[in-house]
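Fold and geometry: a report
Listed below are the residues making up each chain.
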Amino acid sequence: MIEVKLKKIIDERGISQKQLAEMTSIRPNAISEIVNNQRSTINREQLAIICKALEIIDMNEILELK
């Protein structure tokens, strides 16, 4: 199982889900599902947009294999 560690990252950076949605132009509902690991698939394009917005270079920072 792959876990997206986005909640931890935005909490550490003081960014709300709404702010992230505005930064990325990704629907707030989609951001919420990603943050709460409620998606069974991960959209690579959305993940790339999120990483770019948060200046994440290493995917290990945002993804964890469990």
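What you are looking at is a predicted structure, and each value in this text was computed from that prediction instead of being measured.

**Topic: the overall build of the protein chain**
Assigned secondary structure in the protein chain consists of 4 helices and 2 strands. Reading the protein chain from its N end, one meets helices and strands in the order β-α-α-α-α-β. Its C-alpha radius of gyration of 11 Å places the protein chain within 12% of the 11 Å reference for a compact globule of 66 residues. Taking the principal axes of its C-alpha atoms as reference, the protein chain extends roughly 30 × 20 × 20 Å. Expressed as a percentage of the 66 residues in the protein chain, the buried residues total 30%. Pairs at least 24 apart in sequence give 60% of the contacts found in the protein chain among residues at least 6 apart. A gap of 3 Å separates the mean positions of the 10 positive and 10 negative side-chain charges of the protein chain.

**A few points about unusual backbone geometry**
If you check the backbone angles, S25 has positive phi at about 60° while not being a glycine. With a phi close to 55°, E55 is a non-glycine residue in the positive phi region. Tracing the sequence through the fold places E55 in the loop between α4 (44–53) and β2 (63–65). Residue class for E55 comes out exposed when judged on its relative accessible area of 69%.

**Concerning the packing of helix α2 (residues 17–24) against helix α3 (residues 28–35)**
Remark: α2 packs on α3, axes separated minimally by 9 Å, with the N-to-C direction vectors making an angle of 120°. Classified by the interaxial angle, the pair formed by α2 and α3 is oblique. Crossing of α2 over α3 shows right-handed handedness. In this structure, α2 uses Q17, L20, A21 and T24 to contact α3, whose residues at the interface are P28, I31, S32 and V35. For the contact of α2 with α3, the per-class residue count stands at 5 nonpolar, 3 polar and no charged.

**Overview of α4**
Looking only at α4, the buried set comprises Q46, L47, I50 and C51. On an axial view of α4, the arc spanned by its buried residues comes to 135°, and they lie on one face. Along α4, exposed side chains directed more than 90 degrees from the buried face belong to R44, E45 and K52. Among the structural elements, α1 (6–13), α2, α3 and β2 are those in contact with the buried residues of α4. Capping the start of α4 is the job of one residue whose side-chain oxygen sits 2.9 Å from the backbone nitrogen of E45: N43. A positive backbone phi angle near 55° is found at E55, which sits one or two residues after α4.

Cut-offs and rules
Residues numbered from 1 in each chain as written. Predicted model: local features only at pLDDT ≥ 70, side-chain atom pairs only at ≥ 80, totals over all residues. Heavy atoms only, no water. Helix = DSSP H or I, 4+ residues; strand = E, 2+ residues; numbered from the N terminus. Rg over C-alpha atoms; globule rule 2.2 N^0.38 Å. Buried < 20%, exposed > 50% of the residue type's maximum accessible area, 1.4 Å probe, protein only. Contact = heavy atoms within 4.5 Å. Lys, Arg positive; Asp, Glu negative; His and termini not counted. Charge placed at Lys NZ, Arg CZ, Asp CG, Glu CD. Axes fitted to C-alpha atoms, helices over the stretch in contact; angles between N-to-C directions. Parallel < 35°, antiparallel > 145°, perpendicular 65-115°, else oblique. Left-handed = near helix turned anticlockwise from the far one by under 90°. Nonpolar A, V, L, I, M, F, W, Y, C, P; charged D, E, K, R; others polar. Arc of directions from axis to C-beta. Polar contact = N/O pair within 3.5 Å; in protein donor to acceptor, adjacent residues only side chain to side chain.

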